[in-house]
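# Understanding the architecture of this molecule
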Amino acid sequence: MSTRVDEIVRSSQMIGIPKYIAKDFQSDQDVRWCPGCGDYSILAQTQRVMPDLAIPRHKMVFISGIGCSSRFPYYMNTYGLHGIHGRATAIASGLKIARPDLSVWVVTGDGDGISIGGNHFIHLMRRNLDINVLLFNNQIYGLTKGQYSPTSEMGKVTKSTPYGSIDYPFNPVSLALGSSATFVARSLDRDPKHLQGIIKRAAEHKGTSFVEIYQNCNVFNDGAFFQFTEKETKDDSVVFIEHGKPLIFGKEKDKGIRLHGFSPEVVSLKDGKYSVSDLLVHDEKDTTLSFILADMTYKSHLPRPVGIFLAIDRPVYEDEVEKQIAFAKEKRGEGDIVRLLNSGDTWIVQ
Amino acid sequence: MAEKKVRSLDEVTIRFAGDSGDGMQLTGTQFTNTTAILGNDLSTLPDYPAEIRAPAGTLFGVSGFQIHFGSTKIHTPGDQCDVLVAMNPAALKVNLVSLVDGGTIIANTDGFTDKNLKLAGYAQNPLKDGSLDKYQVHAVDISKLTALALQDLNISSKLIDRSKNFFALGMMYWIYNRPLEPTIEWIKSKFTQKPEILEANLRVLKAGWNFGETTEIFSVRYEVGPAKLAPGRYRNITGNQAIAWGLMAAAKKANLDLFLGSYPITPASEILHELSLYKSFSVKTFQAEDEIAGISSAIGASFGGALAATTTSGPGLALKTEAMGLAVILELPLIICNVQRGGPSTGLPTKTEQSDLLQALYGRNGEAPVPVIAAATPSDCFDATFEAARIAVKYMTPVMMLSDGYLGNGSEPWLIPDFNALPEIPAKFVTNPEGFLPYSRDEETLSRPWAIPGTPGLQHRIGGLEKEHLTGNVSYDPENHDKMVRLRAEKIERIANDIPLAQVEGDTEGELLVISWGGTYGAIRTAVNRQRQKGSSVSHLHLRYLNPFPRNLGEILYRFRNIMVPEINLGQLIRILRSKYLVPAIGFDRVRGLPFKSVEIEKEIEDILKGKK
């Protein structure tokens, strides 16, 4: 039995994967973000990584909701769907279940992804469909011109919080981990190399990949992450976490993170009290550790962790769907509609 | 033992009523299946409380199941019942209003305990105080007799109590001369894993039958001969099952895989349950995290080339509103099945209503027209759903299919269609990149091409922002927006060229035309038929297509002096007919969560014809 879709899938597989360059993933549309927006870098890094993935661009789909980040699909020379506010994850889920052969990406923001779309977000994470989610976190509502977002810091003065925000912010990484995501990472718009590496790992992960990307909104929240992205402060404010490596940071690589009980603390590697062997070594397969690292996020006495928090394997939703279908067909044979319609208690009227 | 008399009846209505834990729905369903197999025409109405297990013995915990069957054409579950089976005082009290004068009551005397009498608000036992003298009361110790039949089986008193509905069923089979075998077969297949329950239910069923046969309580048996139905193979089907099968048949015809994105909601959940069974048909069901994800996932699947559907009821439809608008502007096929229930808000979840018509037609932001089709009967849910899918695919549009709680749970015999004779569903994916424009249009239907991801060279982006004509690129151009709004509207209007003309049942002109839509078809058809037999100048028009209307609707309306539009809402269709055709139609509205009774429609018809309205 083959359906019309099977024919398309088959014919698309006959074509070899062309040798792409980044430019092949640029659409014919003018990019219309504000000059200086962090989104430009994220778009560029994504387009740079695409040729390495060995996936034909006609098998790729970028899906978004509403917000500045959600214009992203228009600029990719792939299939794209610019949906409605907060629902990109739900739309992507349906597409991926119907078409497991496609490489499905969700591009979202802090408002779209975890405010209005919070419910769909957590359920995608736990179901573990093989979808890549790029969440551009700029801690502000840009498209609606400057209201606070669910990741804005407390006390933030915006158009809708003239006396300062009294909302405690989400930490998207902790939210994803708490929703049982299998791949959780954080990167920075102003660190192209790191971002490329993370996007590539996200693409390669089988299961839902969640990447939080700190993104500068230079119009409504300029410099929100400069502490973590600019030369002067970056080294002492960010710890890059890498699988199998101790957590070392600082301009002189002279500081590390050590676990005191379950609490991370900063120790100096200079004064002879601690050496590298005392430091916490990252293990991206360790779920418990991922929570501890994520929890460092809003603590001012600790550096901001950036990198892959967790990368574990768990059954993928759409694979389980296909398995049940295969099992049912094996057990009952291919469904026969005429037989079904005539099944049950029937009788004949002459 | 005296030979019992057998009396022949054309039609009869029975209502089984008891606590929501008494198994009345099961009893009714079994009686229905057996009756269907005997060749009677029939119609059923389950009537159950929203609470799964309401406190035993209370008035609000009463669960009922009504079946109307006969040797003639049956259009409704019956205005009133001829026989009421009451398992306790609350069931009697709630349902006595539905019993015809002189009707039969079969009461389980063991259920009429002091406690239950008090819960039902009876000061005295109605079985003994003479208050039921105008009825024929058969008081039977059903619980005691059930326990006796099972006394040598070592089973709990709880299990014994739970099989008493089979005693009632056995008795009713005897009285109405139905065979036990279909139910015996069902019990055997259902309880294979639980031999003691299997044995208990079989015994109790037979004990009920034997009780009718041997005691003197019932002096008459009734015979209801088979109905003259169109020849062919039949099965009994509920509206919800028919929707599920309609979707599957459409997917097969279109050679597409079926995807259902849905969130459980009464009274539509059975469609999700049913479709979840058919994985061997490659049907993919996705129980989403909420109503919005239900439709959004279906939109994603449709983009990917599936025949995609979402199923819901009123409150869920409200939540899907924004996503429906997205489907409108994306111009992707999608079937939205709304099994209406009492509203507003949570309203009456288990009761029926027709109050979502305006929501279906207009409940979206912007100019977002959607074709709307409503099913008339439980089995018509199959055809209406299939037709919704045909239009969705052919015109690349979301289509709303309206059912209601009465149709969804109700059942009737269904002439199983010849699959090969069903209309074709011309699904087509474009594959040629040469000159491909995502928002170019078919000259006749105005539908745009369906280009699914995975097709080499057809990469394109669609979305909720206004599209530029032909290219589909984002466009804020004022003239383009005006053009696109009109194009989307005209596309839906043109469907009128592709649907059957409206048919008047009865004279094509005259004094009064009664217009129905949706699940009120049966009651209104019955009422009009009866009035016509009495010589009244009245005709009936049933509207299956609510948007667009059949092209000839206006000219039909102008041929009648009066137009009456009965609806289970405060007048939604009538509002549209009045504004579109400028006719002074007369409404008839009852919003009780129940189907119309045909007698009340008849009375209204008489009043209008007498000039009282």
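Analysis parameters
- Residues numbered from 1 in each chain as written.
- Chains lettered and ligands numbered in written order.
- Predicted model: local features only at pLDDT ≥ 70, side-chain atom pairs only at ≥ 80, totals over all residues.
- Heavy atoms only, no water.
- Helix = DSSP H or I, 4+ residues; strand = E, 2+ residues; numbered from the N terminus.
- Rg over C-alpha atoms; globule rule 2.2 N^0.38 Å.
- Buried < 20%, exposed > 50% of the residue type's maximum accessible area, 1.4 Å probe, protein only.
- Contact = heavy atoms within 4.5 Å.
- Areas by Shrake-Rupley, 256 points an atom, 1.4 Å probe, with all protein chains shown as cover.
- Lys, Arg positive; Asp, Glu negative; His and termini not counted.
- Charge placed at Lys NZ, Arg CZ, Asp CG, Glu CD.
- Pairing = 2+ DSSP bridges.
- Axes fitted to C-alpha atoms, helices over the stretch in contact; angles between N-to-C directions.
- Phe/Tyr/Trp six-rings, centres within 6.5 Å; stacked < 30°, edge-to-face > 60°.
- Lys NZ or Arg CZ within 6 Å of the ring centre and 35° of its normal.
- Parallel < 35°, antiparallel > 145°, perpendicular 65-115°, else oblique.
- Left-handed = near helix turned anticlockwise from the far one by under 90°.
- Nonpolar A, V, L, I, M, F, W, Y, C, P; charged D, E, K, R; others polar.
- Buried area = accessible area lost by both parts, 1.4 Å probe.
- Salt bridge = Lys/Arg side-chain N within 4 Å of Asp/Glu carboxyl O.
- Polar contact = N/O pair within 3.5 Å; in protein donor to acceptor, adjacent residues only side chain to side chain.
- Domains from an automatic or database assignment.
- Core = buried A, V, L, I, M, F, W, Y, C linked by side-chain atoms within 4.5 Å.
- Expected span 1.5 Å × (residues − 1).

## Brief notes about the overall build of chain B
When its secondary structure is counted, chain B shows 20 helices and 23 strands. The globule rule puts the C-alpha radius of gyration for 613 residues at 25 Å, and the 26 Å found for chain B is close to it. Across its three principal directions, the C-alpha atoms of chain B cover 85 × 60 × 45 Å. The proportion of buried residues among the 613 residues of chain B is 64%. For chain B, contacts bridging at least 24 residues in sequence account for 76% of all contacts bridging at least 6.

## Focus on the overall build of chain A
Broken down by element type, chain A carries 12 helices and 12 strands. Across its three principal directions, the C-alpha atoms of chain A cover 95 × 45 × 45 Å. Taking all 350 residues of chain A together, the buried fraction comes to 55%. About 14,900 Å² of surface is accessible on chain A, with carbon and sulfur atoms providing 52% of the total. Taken together, the 41 basic and 41 acidic charged side chains of chain A have centroids lying 2 Å from each other.

## Here's the deal with the sheet that holds strand β23 (residues 586-589) of chain B
Strands in a sheet are paired, the pairing made by backbone hydrogen bonds, and the direction either parallel or antiparallel. All names here are of chain B. Within the open sheet, the 5 strands sit side by side as β18-β20-β19-β22-β23. Their pairing is mixed. Looking at which strands have only one partner, the edges of the open sheet turn out to be β18 (504-505) and β23. When β18 meets strand β20 (residues 538-543), the two strands line up antiparallel, connected through 2 bridges. Looking at the pairing, Glu-505 lines up with His-540 of β20. Relative to the sheet, helix α17 (residues 521-533) contacts β18, β19 (510-517), β20 and β22 (560-567), its axis offset from that of β20 by approximately 165 degrees.

## A look at the sheet that holds strand β4 (residues 62-70) of chain B
Residue and element names in this part refer to chain B. The mixed open sheet is built from 6 strands, whose spatial order is β3-β4-β2-β5-β6-β7. Each edge of the open sheet carries a strand with a single partner, namely β3 (41-47) and β7 (136-140). This sheet shows a mean twist of 15 degrees between the axes of neighbouring strands, independent of strand direction. Note that strand β2 (residues 11-19) and strand β5 (residues 81-86) share 4 bridges and pair parallel. Bridging across to β5, Ile-14 finds its partner in Val-83. Sitting on the sheet, helix α1 (residues 24-37) is in contact with β2, β3 and β4, with an inclination near 10 degrees to β4.

## Some remarks on the packing of aromatic side chains
Tallying each qualifying case throughout the model produces 28 aromatic pairs over all chains. Considering the side-chain rings of B:Phe167 and B:Phe211, the 5.7 Å spacing of their centres and the 55 degrees angle between planes classify their relative orientation as tilted. Residue B:Phe167 is located in helix α6 (residues 164-175), and its partner B:Phe211 is located in helix α8 (residues 195-214); the two are separated by 44 residues in the primary sequence. Its relative accessible area of 1% is what places B:Phe167 among the buried residues. Within the aromatic cluster, the residues linked to one another by ring pairs are A:Trp33, A:Tyr40, A:Phe62, A:Phe72, A:Tyr75, A:Trp105 and A:Phe136. The aromatic ring of B:Tyr439 is capped on one face by B:Arg448, whose charged end is 4.6 Å from the ring centroid.

## Digging into the packing of helix α2 (residues 39-49) of chain A against helix α7 (residues 192-204) of chain A
Residue and element names in this part refer to chain A. As a packed pair, α2 and α7 sit with axes 9 Å apart at the nearest point and diverge in direction by 55 degrees. The orientation of α2 with respect to α7, classified from their angle, is oblique. Between α2 and α7 lies a crossing whose hand is right-handed. Together, Ile-42, Gln-45, Thr-46, Arg-48 and Val-49 of α2 and Pro-192, Leu-195, Gln-196, Ile-199 and Lys-200 of α7 make up the contact between the two elements. Considered class by class, the residues forming the contact of α2 with α7 number 5 nonpolar, 3 polar and 2 charged.

## Re the interface of chain B and chain A
Taken residue by residue, the interface counts 77 residues in chain B and 70 residues in chain A. A buried area of about 6,000 Å², summed over both sides, lies between chain B and chain A, and 63% of it is on carbon and sulfur atoms. Joining chain B to chain A, the criterion identifies 2 salt bridges. For the salt bridge of B:Glu289 with A:Arg127, the shortest nitrogen-to-oxygen distance reads 2.8 Å. For the pair chain B and chain A, the number of links is 28 residue pairs in polar contact (both at pLDDT 80 or more). Looking at the side of chain B that touches chain A element by element, the count peaks at 7 residues for helix α11 (residues 291-303) of chain B. Class assignment of the residues belonging to the side of chain B that touches chain A gives a composition of 43 nonpolar, 22 polar and 12 charged. Pairing analysis gives 4 bridges linking strand β12 (residues 346-349) of chain A to strand β9 (residues 232-238) of chain B, with the strands arranged antiparallel. Residue A:Ile348 lies in a different strand from β9(B), and its bridge partner there is B:Arg233.

## A word on the domain arrangement of chain B
Residue and element names in this part refer to chain B. Domain boundaries in chain B define domain 1 (5-224), domain 2 (235-420) and domain 3 (504-609). Summarising the inter-unit geometry, the C-alpha centres of domain 2 and domain 3 are found 26 Å apart. For the pair domain 2 and domain 3, the summed buried area comes to about 2,000 Å², and 60% of that belongs to carbon and sulfur atoms. Taken as a group, Gln-354, Leu-357 and Leu-358 account for 30% of the area that domain 2 buries against domain 3, more than any other trio of residues on that side. Summed over the shared surface of domain 2 and domain 3, the number is 1 salt bridge. Between Arg-544 and Asp-380 there is a salt bridge whose closest N-O contact spans 2.8 Å. Contributing elements (two or more residues each) for the side of domain 2 that touches domain 3: α13 (357-362), β14 (372-374), α14 (380-395), β15 (398-404) and α15 (405-409).

## Some details on the side chain of A:Asn137
Residue placement: A:Asn137 occurs in strand β4 (residues 131-137). A polar side-chain atom of A:Asn137 sits 2.7 Å from a polar atom in the side chain of A:Glu212.

## Considerations on the pairing of β9(B)
For a regular strand, the rule is simple: side chains alternate between the two faces of the sheet. Relative to strand β16 (residues 411-415) of chain B, β9(B) runs antiparallel, the two sharing 5 bridges. Each residue of the ladder has a partner; that of B:Arg235, found in β16(B), is B:Trp414.

## So, the nonpolar core
Counting 170 residues, the largest nonpolar core has B:Trp245, B:Ile515 and B:Leu573 as the members making the most contacts within it. Domain assignment of the residues forming this core places at least three in each of domain 2 (235-420) and domain 3 (504-609) of chain B. In contact with B:Trp245, other than residues within four places in its own chain, are A:Leu340, A:Leu341, A:Ser343, B:Arg235, B:Ile237, B:Glu274, B:Tyr278, B:Phe382 and B:Trp414. Residues B:Met87, B:Met172, B:Tyr176 and B:Phe191 belong to the second largest nonpolar core, which totals 52 residues.

## Some words on the pattern of salt bridges
A side chain with one charge may pair with a side chain of the opposite charge, provided their charged atoms come close. For the coordinates displayed, the defined rule picks out 48 salt bridges over all chains. Notably, a salt bridge pairs A:Lys299 with A:Asp295, separated by 2.8 Å at the nearest N-O pair. One salt bridge in this structure joins B:Arg15 and B:Asp47, with 3.0 Å as the shortest N-O distance. A residue pair is termed long-range when its members are at least 10 positions apart, and B:Arg15 in strand β2 and B:Asp47 in strand β3 qualify at 32 residues. The pair B:Arg15 / B:Asp47 is uniform in exposure class, with both members buried. One salt-bridge network, in which partners are shared between bridges, spans B:Glu387, B:Arg390, B:Lys394 and B:Asp498.

## Topic: α14(B)
Between the first and last C-alpha of α14(B) there are 22 Å, a value that for 16 residues agrees with the 22 Å anticipated at 1.5 Å per step. Count one or two residues on from α14(B) and you reach B:Met396, which has phi positive near 50 degrees.

## Description of helix α3 (residues 88-98) of chain A
Burial analysis of α3(A) places 11 of its 11 residues in the buried class, which makes it a mostly covered element. Along α3(A), the residues classified as buried are A:Ala88, A:Thr89, A:Ala90, A:Ile91, A:Ala92, A:Ser93, A:Gly94, A:Leu95, A:Lys96, A:Ile97 and A:Ala98.

## Here's the deal with the environment of B:Phe191
Residue and element names in this part refer to chain B. Tracing the chain through its elements places Phe-191 in the loop between α7 (181-190) and α8. According to the relative accessible area criterion, Phe-191 is buried, its value standing at 15%. Along the chain, Phe-191 and Asn-547 lie 356 residues apart, while their C-alpha atoms are 47 Å from each other. With near-sequence residues (within four places) excluded, Phe-191 lies in contact with Trp-186, Ile-197, Leu-198 and Asn-201.

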